[in-house]
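The residues making up each chain are set out below.
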Amino acid sequence: MTKIISAPENTLHIKNMVCKRCIMVVKEQLERLGLHPVSVELGIAVLPDKVTDETCLAVKAALEPLGFELMDDKKLQVVEQVKDAIIELVHYTDSSLKVNLSDYLAGKFNRDYSVLSKLFSEITHTTIEKYLIAQKIERAKELLVYGELSLNEIADKLNYSSAAYLSAQFKRITGLTPGYFKKLKENKRKPLDEV
């Protein structure tokens, strides 16, 4: 069996894919359209054949009602890939937060970090660092709601220097202390695509 390589002409860039369930839903929709994706990851689906205008229209019609969006702007694609990489790093990869983010992203995208950072800020009107912090706070919320880890363990898991530093950042972002947040009965978490 020959390996099919991801190439621009057979790759779909999809906005708002933020979790494993999103991957499953997109893959299912592509299968229903008879496209038989070679791979589906956060933000990207690789098809065995060249993507035609007709294919794009069909995929768009299938995915938009589910909250997904096809992207054809190259700059927007890079920004979404950076977001997806940060989401994957924070939410789905244990102990990877110990890496230097600028080195990680530069290596992952084979681009100078300053170029990625400038593009990210230009498109999103925020910095990569602020986006990372927002994702880390959402992950901290999730871990607090589960109640399985202490604040010290959460701080360590998210690569904070101390629980006090996590608490200060948590309060600055949410307006609540982690302890008070944990006691709240209502869910104050945000969907990842809204962070």
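Residues numbered from 1 in each chain as written. Predicted model: local features only at pLDDT ≥ 70, side-chain atom pairs only at ≥ 80, totals over all residues. Heavy atoms only, no water.

A. Summary view of the packing of helix H6 (residues 128-146) against helix H8 (residues 163-174). Between H6 and H8, the shortest axis-to-axis distance is 10 Å and the interhelical angle comes to 105 degrees. On the basis of their axis angle, the class for H6 and H8 is roughly perpendicular. Contact residues: H6 offers Ile133, Ile137, Ala140, Lys141 and Leu144, while H8 offers Leu166, Gln169, Phe170, Ile173 and Thr174. Residues of the contact of H6 with H8, tallied by class, amount to seven nonpolar, two polar and one charged. (Axes fitted to C-alpha atoms, helices over the stretch in contact; angles between N-to-C directions. Helix = DSSP H or I, 4+ residues; strand = E, 2+ residues; numbered from the N terminus. Parallel < 35°, antiparallel > 145°, perpendicular 65-115°, else oblique. Contact = heavy atoms within 4.5 Å. Nonpolar A, V, L, I, M, F, W, Y, C, P; charged D, E, K, R; others polar.)

B. Broad picture of the packing of helix H5 (residues 113-124) against H6. Closest axis-to-axis distance for the H5/H6 pair is 9 Å, and the angle between their directions is 75 degrees. For the element pair H5 / H6, the angle class is roughly perpendicular. Every residue of H6 that contacts H5 at Tyr113, Leu116, Ser117 and Phe120 is listed here: Ile128, Glu129 and Tyr131.

C. Structural view of the pattern of salt bridges. Evaluation of the coordinates by the stated rule reveals six salt bridges. Put simply, Glu28 and Arg32 hold a salt bridge, and the shortest N to O gap is 3.3 Å. Here Glu28 pairs with Arg32, and both are found in helix H1 (residues 20-32), just four residues apart, close to one helical turn. With a shortest N-O distance of 4.0 Å, Glu64 and Lys60 are connected by a salt bridge. Classification of Glu64 as partly exposed rests on a relative accessible area of 40%. (Salt bridge = Lys/Arg side-chain N within 4 Å of Asp/Glu carboxyl O. Buried < 20%, exposed > 50% of the residue type's maximum accessible area, 1.4 Å probe, protein only.)

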